[in-house]
Amino acid sequence: MDSPTTYFHWGFILISVPNLLVIAGMIVLFAIALVVPFPHGGEGKNGRR
Amino acid sequence: MDAAEPISEQPTSWTVRTRRAIDRHLPMDHLLPVRQPYYVGSWVYVFGVITIAALVWVVASGVVLAFMGPQWWHDSSVGRFFNSLHFWSVQLFFIFMVLHLWGQYFMAGWRHGRAATWAIGVVIFGISILTAFTGYLSQQNFDSQFIAVNAKDAMNGAGIGAFFNVLNFGQMYGLHIMLLPIGVTILVVLHIVMVRARGVVKPIDPEGGARS
Amino acid sequence: MKPMGATQEEYYRGVRMVPYDLVKELVLALAGVGILALAVSAILSSPDVAPITIAAWAQSDPVDFVTTATNELAGSTTSAGYGNPYNTNGSGQAWGPIAPQTWFGTRIPIDSATTFVIQPLQRGASSNTDLGASLDTWQKAGADQQGRWTDAYTKALADASVKDGKVMVADGDYGPLPVMMSNLLGIAQTGGLDGLLMVNGRFYQTDYTPALLFMGDGSYLSGQAEQWNLLGDQWGMMNETGRYPGQTWLWLYTMWYQVPPFTSDTGFIGLNSSNADLGIIILMTLLTAALALVPLIPILRDIPHWVPIHRLIWRGYYAPKARD
């Protein structure tokens, strides 16, 4: 893990692959959180407070 | 003063008044509610609590590192492991804090009187970055040498280098292990109390009214 | 002020509430983060590239070391001409009238020639009469003569060679410099200069300012940094040594260093590469303030209403009611 890493170069953007993975991973995680249903206690109960 | 009045009702007691103020603003049922509005039903809502969990791990691993001294993790494999815990929990802390920021932004979480909660969140972000910066400077390895020599120009250019000397390990370390974590913790507690006191903001009005 | 407790009661009036276990959520989060952090730590460890020393610098690149030391005497290094907070030999960064670098004075006084060259040599000259004599010659010479010696020696160093760790230059009139520099090189190569610059006559020390400034004046430190892509024009602020993620949250801060006007000499409205640090700090302060004040800024605060991400988050709330 202590050897130099590879870089992704696009135009003026120069980003290390580990950093790119972190950022891409965050975007994927956010998208997943938006889409995956959330288990709801009391789902279906129609009572008002 | 009516002698028949129980002590906990005496209005001249500052302690009674403090208790009543707390009860009015943040009763236990709001601080630790057992129910949430049913619209709190998305995984986006868990990013905040995961950020807090990551902060707990950052502080816990940091306490161990501080106890053993700044040299320990360079010389001991157990020390290196605790440094790794600290390093990766910091990564997780920032990852989930930013996800929480994205979520709150797209939910416009500042509505209905919550602008201060949002602002404090941004301040926490800024102070966390500063805390991480002093941490990177405290590593006592090549990374901290280069960060120090490079960052000094920004600090000096802004005038604060005269008071905040990134080449001074003692100063950076003291800020990192004590002053800044205290600041972050106080602000995080305030942020959580503000969320609990006001409750979770309602969904954006589908009819389009931008109620702030 | 209306009690927040009553405010929340009113706010939630009419809203359907469902059971939610906050404490269990926190404990699960602690466990989840813990397991993840422990696993990744065990598998990937963390970066720890050893710090470089002045000794390593003097051994790997004696010519660069001696050139840097000579330039300290000549007053031509970065630290020598820096300005505040180290000295008043430079004006520092300014954007028109905004020049905070000059506002607080010389609070960390460093005289480069004295601190990095003369004082260490004086400490080393106690039993070395040749060195003592050379230092004497240097101190007694006028500034013009000193300048002639450093000019000549710097020119000769451009074609210097290294033999047995020592720097060899062509013959010339360099005054006491060759003796001073070979002694300083010798002290540095054994690690003595690391110690002398660190301790600086005291015993306890936690301030590495002199040693780091001196190393920053040479090219060894930045040469090592370039390998790890840590330099400013390599988006270095975001990067970490090795294959580890760096400080991704600094992406916007470091991005400005890669774009005009901060990359160009001519720049724009007085902002250019020579005051980039100041300009970017001002810019990032404004942007951070804007982020904190989003609730008050039109368009920025309206974007969430226009972008349908909230419709995904609250799709249960927006769905047509099945029963009522």
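**Looking at the domain arrangement of chain B**
Residues and elements named next belong to chain B.
Here comes step 1: Looking at chain B, the domain boundaries give domain 1 (43-107) and domain 2 (115-197).
Here comes step 2: The interface of domain 1 with domain 2 comprises 10 residues on the first partner and 10 residues on the second.
Here comes step 3: Of all the secondary-structure elements, those providing two or more residues to the side of domain 1 that touches domain 2 are helix H3 (47-68) and helix H5 (77-106).
Here comes step 4: Considering each element in turn, the side of domain 1 that touches domain 2 owes the most residues, five residues, to H3.
Here comes step 5: Grouping the constituent residues of the side of domain 1 that touches domain 2 by class yields eight nonpolar, two polar and no charged.

**Let's talk about the interface of chain B and chain A**
A common way to express how large an interface is: the accessible area buried when the components associate.
Here comes step 1: Contacts between chain B and chain A engage nine residues on the former and nine residues on the latter.
Here comes step 2: In the side of chain B that touches chain A, the residues fall into seven nonpolar, two polar and no charged.

**Concerning the interface of chain C and chain B**
Here comes step 1: At the junction of the two partners, chain C supplies 80 residues and chain B supplies 79 residues.
Here comes step 2: Per element, the largest residue contribution to the side of chain C that touches chain B is 12 residues, and it comes from helix H2 (residues 22-44) of chain C.
Here comes step 3: Partitioning the side of chain C that touches chain B into residue classes produces 49 nonpolar, 22 polar and nine charged.

**Digging into the confidence of the model for chain A**
Here comes step 1: Across chain A, the average pLDDT comes to 84, with 82% of residues at or above 70.
Here comes step 2: pLDDT under 50 marks residues 42-49 of chain A. Its contacts with residues more than four places away, or in other chains, come to nine contacts.

**Comments concerning helix H7 (residues 142-157) of chain B**
Residues and elements named next belong to chain B.
Here comes step 1: Between its first and last C-alpha atoms H7 spans 23 Å; for 16 residues at 1.5 Å apiece the expected length is 22 Å, and the two agree.
Here comes step 2: Where H7 bends most, at Ala151, the angle is about 30 degrees.
Here comes step 3: The buried fraction of H7 amounts to 15 of the 16 residues, a majority that puts the element mostly inside the structure.
Here comes step 4: Positive backbone phi, approximately 90 degrees, marks Gly159, located one or two places after H7.

**Looking at the packing of H7(B) against helix H13 (residues 276-292) of chain C**
Two quantities define a packed helix pair, namely the angle between the helix axes and the distance between the axes.
Here comes step 1: Orientation of H7(B) relative to H13(C), taken along the N-to-C sense of each, is 70 degrees, at an axis distance of 8 Å. It follows that H7(B) is roughly perpendicular to H13(C) by the angle criterion. The two elements H7(B) and H13(C) meet at a crossing, and its hand is right-handed. Here H7(B) contributes Asp153(B), Ala154(B) and Gly157(B) to the contact with H13(C), which in turn contributes Asp277(C), Leu278(C) and Ile281(C).
Here comes step 2: Split by residue class, the contact of H7(B) with H13(C) holds three nonpolar, one polar and two charged.

What counts, and at which threshold
- Every chain begins its residue count from 1, and numbering advances along the sequence as written.
- Going through the entries in the order they are written, you letter the chains from A and number the ligands from 1.
- Only residues with pLDDT of at least 70 get local features here, since the model is predicted, and only at 80 or more are side-chain atom pairs given and counted; chain-wide, interface and lining totals rely on the full set of residues.
- Each domain's extent is set by a domain assignment, obtained either automatically or from a database.
- Two residues form a contact once the distance between their C-beta atoms, set from the backbone, is within 7 Å.
- Numbering of helices and strands runs from the N terminus; a helix is a DSSP stretch of H or I covering at least four residues, while a strand is a stretch of E covering at least two.
- Following the grouping adopted for this structure description, the nonpolar residues are Ala, Val, Leu, Ile, Met, Phe, Trp, Tyr, Cys and Pro, the charged ones are Asp, Glu, Lys and Arg, and the polar ones are all others, Gly among them.
- Known as pLDDT, the predictor's per-residue confidence is scaled from 0 to 100.
- Under the convention used throughout, the expected extent of a helix is 1.5 Å for every residue step, that is, one less than its residue count.
- Two axes are fitted around each residue, one to the seven residues ending there and one to the seven starting there, and the angle between them is reported as the bend at that residue.
- The exposure label follows from counting other C-beta atoms within 10 Å of a residue's C-beta, where the C-beta atoms are placed from the backbone and the thresholds are 20 or more for buried and 12 or fewer for exposed, leaving partly exposed in between.
- Lines fitted to the C-alpha atoms define the axes, with helices restricted to the stretch that makes contact. Angles between their N-to-C directions range from 0 to 180 degrees.
- In these notes the angle categories are as follows: under 35 degrees is roughly parallel, over 145 is roughly antiparallel, 65 to 115 is roughly perpendicular, and the rest is oblique.
- For any helix crossing, the convention is left-handed if the near helix is rotated counterclockwise from the far helix by under a right angle, and right-handed if that rotation is clockwise.

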